[in-house]
Structure formats: C-alpha cells, structure tokens
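Read off the chains here:
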Amino acid sequence: MNDQPQPQQPSEGWAPREPGPATAAAPGTPGKKPKRKRTGWRRVIPTWRMVLGTVLTGLLLLIGAFALGYYLVKIPAANSAAMKQSNVYLYSDGSQLARDGEVNRENVTLALISKDAQHAVLAAEDRDFYSESAIDPKAMLRAGWNTATGKGKQSGSTITQQYVKNYYLAQEQTVTRKAKEFFIAIKLDREKSKDDILEGYLNTSYFGRNAYGIQAAAQAYYGVDAKDLTVGQGAYLASLLNAPSEFDVVAHPENKPAALARWNYVLDGMVKKKWITASERSGVKFPEPKQTVIAAGMSGQRGYIVKAVNDYLTDNKILGEDELNAGGYRITTTLQKPKQDAFVKAVNDQVMEKLDKKDRKVDNYVRAGGASIDPKTGRVLAMYGGIDYTKQYYNNATRRDYQVGSTFKPFVFTAAVQNDSTTQDGRTITPNTVYDGTNKRPVQGWEGGTYAPENEDQVSYGQISVRTATDKSVNSVYAQMAVDVDPEKVEKTAVGLGIPSDTPDLTASPSIALGPATASVLDMAEAYATLANHGKRGTYTMIEKITKDGADVVDLPERKTWQAVSREAADTTTSILQSVVDGGTGTAAQAAGRPAAGKTGTAEEDQAAWFAGYTPNLATVVAIMGQDPDTGAHKPLYGALGQPRINGGGYPAQIWAQYTKAALKGTSAQEFDLRLQDGAEEQQLPPADPDEDQPGTDAGQDNGGATTGGEETPATEGQTNGGTTTDGGTTGDGGTTTDGGTTGDGGTADGGAATGGGTGFPTGGTGDSGGTTDGGTTDGGTTDGTGDDGGVAGTNFGGFP
C-alpha cells in the first residue's frame, strides 16, 4: 500500500488562470507583496530614505571640505601690522598737510597686564574664552542673523579669531578672509596655549589714540602701565575695543552715554563671571581718561584735520577704521592751504595774541573753533580746531556740546516763510511783521505751560518788526514766532538745512528759537551754506580723492543735492540777515568788505559766543568757547580778554571778517541775487486793542508835544519803501506829521516824533548819518521821499513805539 500523498486531479472544466497585475497571492501561500504607488500630494514629499541620503551626503561633503580646508590653510607669518604704513593727507593742491605718526605699540607679557584688565577684556569680547574652543558657531550664526535683520553689524568672532585677524591676516571683510580666519584659529588653538593667544590679542588690538596694544593704551588714556590698571580703567579700555574712536569720551563728549553703557556692560559681565563681586562692582566709579598727548607730527591744526577727515571717512562708510589703521592711503582733502592759513591767522590776530593768561585767569578758558564751506559745492575749505592738537585734544569745529544760541533764530524765520505761517491774529510772517518785543512776555498759543523768555539785558522793545527783532536778537519775538510756526516744523526745517536730527537738546518747544541745541560749528556752517545757496542743500565733503599704491582704489560717493527749503524762504532769510550786518548786532562783519549776511549768538551764561555768516560764495561759522583746560568743564567767559562779556558781534564777528576778507582776496565782490517771498516788503501790523488808549489821541500828549508813552525804536535796515502812514499819525487839531525819522545804523532819529501827535516809528532805509528825510506825509498819505544818501523815509505808525 502506497502511503505517499497522491496529487489531486483537477476537476472537470478547470483551466489555469492567466496571472494579472492585480492578482494577489492566495492566503497562506508564499508570494511577493506588490509595491504601492505614491499618489497625489504624497509624491512631492521626499521619503525618509531620500532625506537620510541627502543628510549623509551633505555631512560627507562638509567633512570633506573641512578636512580639505584644514589641510590647505597654513598658519602664515605675521602680517605687516608691526610695519604699518602711514596715511598721507594732502591739501586740495596736492601739497602735504599731514602724515600719520609711527605705530604706538609696546608689547608686554601677560604677567605685566593686571588681572582686572584681562578679565575686563574677556567680559567685553569673549567671556568663555578659557573654556570654549577657538570658534563659536552659535555666536557666528547669531551675529549673522543680527546683521541680516538690521540689529547691528556684529562679528561673532572669538578672541582667538580676532587675534588671527590682527596678527596674521588683513582687515578686509571678505568670505575668503573669514574662511582662512576660521581654519587658522582652529590650528592655532591646538598649537598655542590660551594665555599665549590672549597675550597676543592684547598686544595687537587697537584702542584709539594711535595706541596699539593695551600697554600703549594704558599710557595714552591714563598715564599708567598696563600692570597698574584698575577695574574701572580696564573696563573702559575693554569698552574701546568695540568702537575705539567713537567711545573716546574726551574726543567725543557727546558719545559719553554710549561709552558708559558699554562700560557698564563690561562690569556686569565681570560680576556674572564672578571675577569681581557685586559689592566691588557698586564701588567702581567711571575713570575719566586724561587729555591725550599727541605726537609732534600732529601739532597745530594738522591733528584736528586728520581726525575730522578720518571721522568723515568712517561715518560715511568710505573706509573702515581697520582699513585706515592699516595705512598706506594718500588722501587728498578739499581744504585749501591759503584759506586754512588765513583762518589760523585771523584767530591768532583777533584773539589768541590778546590773551593774558597770567593776569586774567579766565583767559585760560578761551577756546576757538571755525569752519568754512563753499555753498555751491559743499567743499570744506578751511577748519580751525583749536590752539594746538598736541595741547588740546577736542576739535572745536566738530564737537557738539556747546549751545548755538541765537544763531538758530534764522531757522525759525525760514520755517515761517517755508510754511506760510501766520501770527496768532492771522498776519503773514514777513520781515516787516510787527511783534510785541516786551521782555518776559509769555508766549501765546502754547499748551505746554507758561514760557516767558528774557531778552538780553532785560530790554523791552515794545512793538517791533521781525527785521529789527532779528537785528537785535529779541528772544520774546522769536519764541512767539516759533509757536506761531509750530516748533515741530521749526525743527524739521533746521534738520533739512543741515542740523543733524540727533543733535543734543534739539527739541520741539518754544525754546528751540533761543538755540539750546548743541550743534557743531561744522553743522552750523553746512546749514548756513544751504541758506547762501538759495535753499539748495548738498551734504558737505572733505575728500577730493583717495589712492593707494598709486591707484584710485576707493570710490567716493556721488554728492547729491536737493531743495531743502524754497528759494523764497532761504532768500528772504538772507535779506534779514543782511540787516544784522548792516545795522544790527553783526556790524563788525562789515570789515570783510563784501556783501554779507549773518547772525550773532550767545550761549547760556556766556559759555560760548558765535557768529555765523556768509557771502554769496563762502559760508563760515566762528565760535569762541569757554572750557577749563584741566577738567574739560564748560566755563563762562565773563571778563575774558578784558571785556565784561564776550558776544557774537565781538571777537567771533571780527575773526569772521578778517578771514573772509583774506579768503576772498583777488576775487570780485558778488551781490546777493534774492527772490523774496510775496509781501516781504509790506507792513504787517497787529490789530488795535479796543481796551487800550489808541495812539494819536490826546492820551499821552502834552499840549501838542511828542507822545511819551512808548520807547522809540531804531530804524530798520533794508526797506525798499517807506510804507503808509496810519491815521494815528495825524494830530487832533489837524497838524501834520513830518519827517519820517530814519536813522543810520539803527540809531534813533531826532526828528522821529510827530509834530502834534503820536511817536514816529521809523522802519525805512537809512538816510545820511541818521538824518531825517523830507518826504513826510500829511493826513495818512504815503511817504516816498528819500534821504540825502538815497535812504527811504521811515513810516509813522501813529503811536506805536
């Protein structure tokens, strides 16, 4: 019997099935599961196999690139920083102005650098230097992100990377250099100790004041060796690494808040790392650095100019500070040697040679600053920074810490014309609009609280035209005008003309008119140059060209110009500033022998006196400042140069006149080509107050004599017609008003009183030596007669004083 299983026979009618694509293996029988197809949106998503493959491939490529870079990049020899070239600075004619001094560096070992200073630098630049690797990818990514999103340019470099850049590589910001820096830092970290790297970094870093290395910096800022640096001093020097020139609080006192913030950041980092205790931190006071001692090659005006040029280059991102420090550039400036020499001579002749520092202590406080610009091109032609860069480090032409005083007032009037502003009672503001010039008069229309400014010497002027108020720099008039215009519009106009928007104390309030803002002399020169150029502004420039190794390697930005204010606004302002020179507080400027416009100014407590003025082709600003040479504190100038007070119409205007005359010698005098606002020559009188006695009536008269109830105001310069006599000019008994009463140089006319009625208010052009004219009118008729010297007869405003 056969026990083997017999194969089953197919039943009748059975036939084999052709395999189809959708046929599945029968359950329980071996067979391959068919592959599912990805359909719809699933097709665009990579599989995990694809992702894993891509990641592994990328990692292999990165590892390969890293290995290749590590193999190819060698640690090079030290760069030529120790053999640093000088930068050469030239006048516009190619003659040499200055040359950088030699590198100021003294290498010291780490043992000769105080621990506090070392820790301060670590707290500022790389707090985990001793515990972390030579590179910090997380910091690099964070710095790249912050830079890309506009949160400030950051390097993200460790101290090791910075040392590599300083010692082995150049300063350019390129991908190639950063890649080399990356690999060299890794290799260096394996070959040198952390102490060696920190020592090298501290000896190669730049701290400003031409000081390379912490030993040179300790001497430059505090006159001590690096081993004697205190916590506070070390923290300040560490702060400088972030912005060496910007955070020098002696050179840039206006940047002290930012420097203090960085200094506090460093100290807080030292506490966080437990290098000092919180109680020690609270006892640290900011250590004021000393006035710097500069190499003789930077003596006189040279150092000031070099510093200003370098600041201009870095501020305008033409060259970086690192590139300038590397040296080798020939920088041709816009300064003209004859004008530069003339400026220095004018300051010396008018002020410096008249100082008596032995017998008058206050004469030791006298400082001077000046800047001169071509209005049409924006070129800075001359600059006076101070007595000597080796003796006084501040550049008085660029510093922003002295009030500009009344030199700001023209910007208020420019804003009034630019915005078609009106007085509180609806009169258009023009040179002839009459305001109340009463001392301590509260401004009207201001909701920010009572403000009643004092006039200089407490003088009350009564009813006074804008032109005369400008001549006499009347605070009460201009504070009211600022409110009439809107202080915010005044501020906007000033910024448009050239005053930096971040100028300290530039605030939109009535006091803006009195000049509490602390713009620099150079800032003011740029703004006045805009007025001289009929309202067209172009930012100033100090550079003609820059070459290196004989080639033009630096592209200078194209100068752009734009209409900052209307021509009518600028030119009408010029017309009233001409009056200031012709018969106001700036008559000393007439010595220039040119048609000129200008404005005087005095800072609070007479700590500074200004004259800002221009001819059609030269805008110049001069300031005399008071400063303690030892402490740097601002000082009043009462009694300086043997004078009770120093005001803008004195020494600053005298310097301006001597310089301008010399600077324009050999050129023909140009007249101003002015286009005035509509109605600029029309009187704008305030409406009569019905509650007060009207002028020209019996009130204030004595048997037909002159009115005694008001102050007679000096004549105003620059009028083109005498205006109209008001009805108040006639007497009650029918007497006629005679003699308009104009005067020369703003003096009072003897014949200004009405024969039988109100007091004469002369406002026309001047006659010969202030004599009266014979073109008087009767019964309110129009005056149109001229004086002996062509002056136009004044107008009698009835009883307006």
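Residues numbered from 1 in each chain as written. Predicted model: local features only at pLDDT ≥ 70, side-chain atom pairs only at ≥ 80, totals over all residues. Heavy atoms only, no water.

Participant: When you look at the overall build of the chain in this model, what are you seeing that I'm missing?
Facilitator: Within the chain, the regular secondary structure consists of 20 helices and 15 strands. Out of the 801 residues in the chain, the part that is buried amounts to 51%. Of all intrachain contacts in the chain linking residues separated by at least 6 positions in sequence, the fraction that spans at least 24 positions is 72%. Counting only carbon and sulfur atoms, one obtains 49% of the accessible surface of the chain, whose full area is about 37500 Å². (Helix = DSSP H or I, 4+ residues; strand = E, 2+ residues; numbered from the N terminus. Buried < 20%, exposed > 50% of the residue type's maximum accessible area, 1.4 Å probe, protein only. Contact = heavy atoms within 4.5 Å. Areas by Shrake-Rupley, 256 points an atom, 1.4 Å probe, with all protein chains shown as cover.)

Participant: What exactly am I supposed to notice about the sheet that holds strand β14 (residues 608-615) here?
Facilitator: The pairing of strands in a sheet comes from backbone hydrogen bonds and takes either a parallel or an antiparallel form. Taking strand neighbours across the sheet as the criterion, the five strands line up as β7-β6-β15-β14-β13 in an open arrangement whose pairing is antiparallel. Each edge of the open sheet carries a strand with a single partner, namely β7 (380-384) and β13 (597-602). With direction set aside, neighbouring strand axes in the sheet form an average angle of 5°. The sheet contact formed by strand β6 (residues 366-373) and β7 spans four bridges and is antiparallel. (Pairing = 2+ DSSP bridges. Axes fitted to C-alpha atoms, helices over the stretch in contact; angles between N-to-C directions.)

Participant: Would you mind going over the sheet that holds strand β2 (residues 96-99) with me for this structure?
Facilitator: Strand order in the open sheet formed by four strands is β2-β1-β5-β11, with mixed pairing between adjacent strands. Sheet topology places β2 and β11 (543-548) at the edges, where each strand pairs with a single neighbour. Averaged over all pairs of adjacent strands, the angle between their axes in this sheet comes to 20°, without regard to strand direction.

Participant: Is there a simple way to explain the confidence of the model for the chain in this structure?
Facilitator: Fine structural detail should not be taken from predicted coordinates in areas where pLDDT scores are low. This prediction gives the chain a mean pLDDT of 79; 71% of its residues lie at or above 70. Contacts for the low-pLDDT stretch residues 10-15, under 50 throughout, to residues beyond four places or in other chains number zero contacts. (pLDDT = per-residue confidence, 0-100.)

Participant: Before we go on, may I ask you to explain the nonpolar core in this structure?
Facilitator: Soluble globular proteins: nonpolar side chains tend toward being buried together. Ranked by size, the top nonpolar core spans 88 residues in total, and within it Leu-313, Phe-411 and Met-481 carry the most contacts. Element by element, the count of residues in this core is highest for helix α18 (residues 521-532), at nine residues. The residues contacting Phe-411, other than those within four sequence positions of it, are Thr-493, Ala-494, Leu-497, Ile-499, Met-524, Ala-527, Tyr-528 and Leu-531. Core analysis: the second largest hydrophobic core is formed by 49 residues, Val-108, Ala-123, Leu-202 and Val-284 among them. (Core = buried A, V, L, I, M, F, W, Y, C linked by side-chain atoms within 4.5 Å.)

Participant: Explanation requested: the packing of aromatic side chains in the structure shown.
Facilitator: The geometry of an aromatic ring pair is captured by the separation of the ring centres together with the interplanar angle, meaning the angle of the planes. The final tally for this structure, using the stated rule, is 15 aromatic pairs. Centroid distance Tyr-614 to Phe-672: 5.9 Å. Interplanar angle 85°. Geometry classified as edge-to-face. Here Phe-672 lies in the segment after α20 (651-663) and Tyr-614 lies in strand β14, a separation of 58 residues in the sequence. For Tyr-614, a relative accessible area of 0% corresponds to the buried category. By relative accessible area, Phe-672 is classed as buried at 15%. One aromatic cluster in this structure is built from Tyr-221, Tyr-222, Tyr-236, Trp-263 and Phe-286. Sitting over the face of the ring of Tyr-329, Lys-548 holds its NZ or CZ atom 4.6 Å from the ring centroid. (Phe/Tyr/Trp six-rings, centres within 6.5 Å; stacked < 30°, edge-to-face > 60°. Lys NZ or Arg CZ within 6 Å of the ring centre and 35° of its normal.)

Participant: Just to check I follow, could you spell out the side chain of Glu-526 for this structure?
Facilitator: Counting through the fold element by element, Glu-526 comes out in helix α18. For Glu-526, a relative accessible area of 6% translates into the label buried. Setting aside residues no more than four positions away along its own chain, Glu-526 makes contact with Ile-373, Leu-497, Gly-498, Arg-537, Gly-538, Thr-539 and Tyr-540.

Participant: Help me understand the pattern of salt bridges, please; the structure alone is not making it clear to me.
Facilitator: Working definition: two side chains of opposite charge can pair if their charged atoms are close together. Across all of its chains, the model carries 23 salt bridges by this definition. A salt bridge links Asp-128 to Lys-273; its shortest N-O distance comes to 3.1 Å. Remark: Lys-273 occurs in the loop between α9 (256-272) and α10 (278-282) and Asp-128 occurs in the loop between α2 (115-125) and α3 (137-148); sequence separation between them is 145 residues. Among the ionic pairs, Glu-288 bridges to Lys-256, the shortest N-O distance being 2.3 Å. Of this pair, Glu-288 sits in the loop between α10 and α11 (302-315) while Lys-256 is found in helix α9, placing the two residues 32 residues apart along the sequence. Owing to a relative accessible area of 47%, Glu-288 belongs among the partly exposed residues under this scheme. (Salt bridge = Lys/Arg side-chain N within 4 Å of Asp/Glu carboxyl O.)

Participant: Looking at this model, I keep getting lost on the packing of helix α16 (residues 475-485) against helix α17 (residues 487-497). Mind explaining?
Facilitator: Relative orientation and spacing of two packed helices are given, respectively, by the angle between their axes and the distance between those axes. The geometry of α16 relative to α17 is characterised by a closest axis approach of 6 Å and an angle of 95° between their N-to-C directions. Classified by the interaxial angle, the pair formed by α16 and α17 is roughly perpendicular. On the side of α16, the interface is formed by Ala-482, Val-483 and Val-485, while α17 contributes Pro-487, Lys-489 and Val-490. For the contact of α16 with α17, a count of residues per class yields five nonpolar, no polar and one charged. (Parallel < 35°, antiparallel > 145°, perpendicular 65-115°, else oblique. Nonpolar A, V, L, I, M, F, W, Y, C, P; charged D, E, K, R; others polar.)

Participant: Looking at this model, I keep getting lost on α9. Mind explaining?
Facilitator: In an α-helix, one turn spans 3.6 residues, which is why side chains three or four residues apart end up on the same side. Taking 1.5 Å per residue, 17 residues should reach 24 Å; α9 reaches 24 Å between its end C-alpha atoms and fits that length. Ala-259, Arg-262, Trp-263, Val-266, Leu-267, Gly-269 and Met-270 are the residues of α9 that are buried. What you see down the axis of α9 is that its buried residues fit within an arc of 155°, all on one side. Set apart from the buried face of α9 by more than 90 degrees, the exposed residues are Pro-257 and Lys-272. Its buried side turned inward, α9 meets α2, α8 (231-240) and α10. Note on α9: the residue one or two positions beyond its end, Lys-274, has a positive phi of about 65°. (Expected span 1.5 Å × (residues − 1). Arc of directions from axis to C-beta.)

Participant: Whenever I open this one, the pairing of β6 confuses me. Can you help?
Facilitator: The side chains of a regular strand alternate between the sheet's two faces. Burial analysis of β6 places eight of its eight residues in the buried class, which makes it a mostly covered element. Of the two faces of β6, the one carrying Val-366, Ala-368, Gly-370 and Ser-372 and the one carrying Arg-367, Gly-369, Ala-371 and Ile-373 are both buried. As paired strands, β6 and strand β15 (residues 618-626) are joined by eight bridges and run antiparallel to one another. Its bridge partner being in β15, Ser-372 is matched across the sheet by Thr-620. Where β6 hands over to β7, the hairpin turn is made up of six residues, of which Gly-378 adopts a positive phi near 80°.

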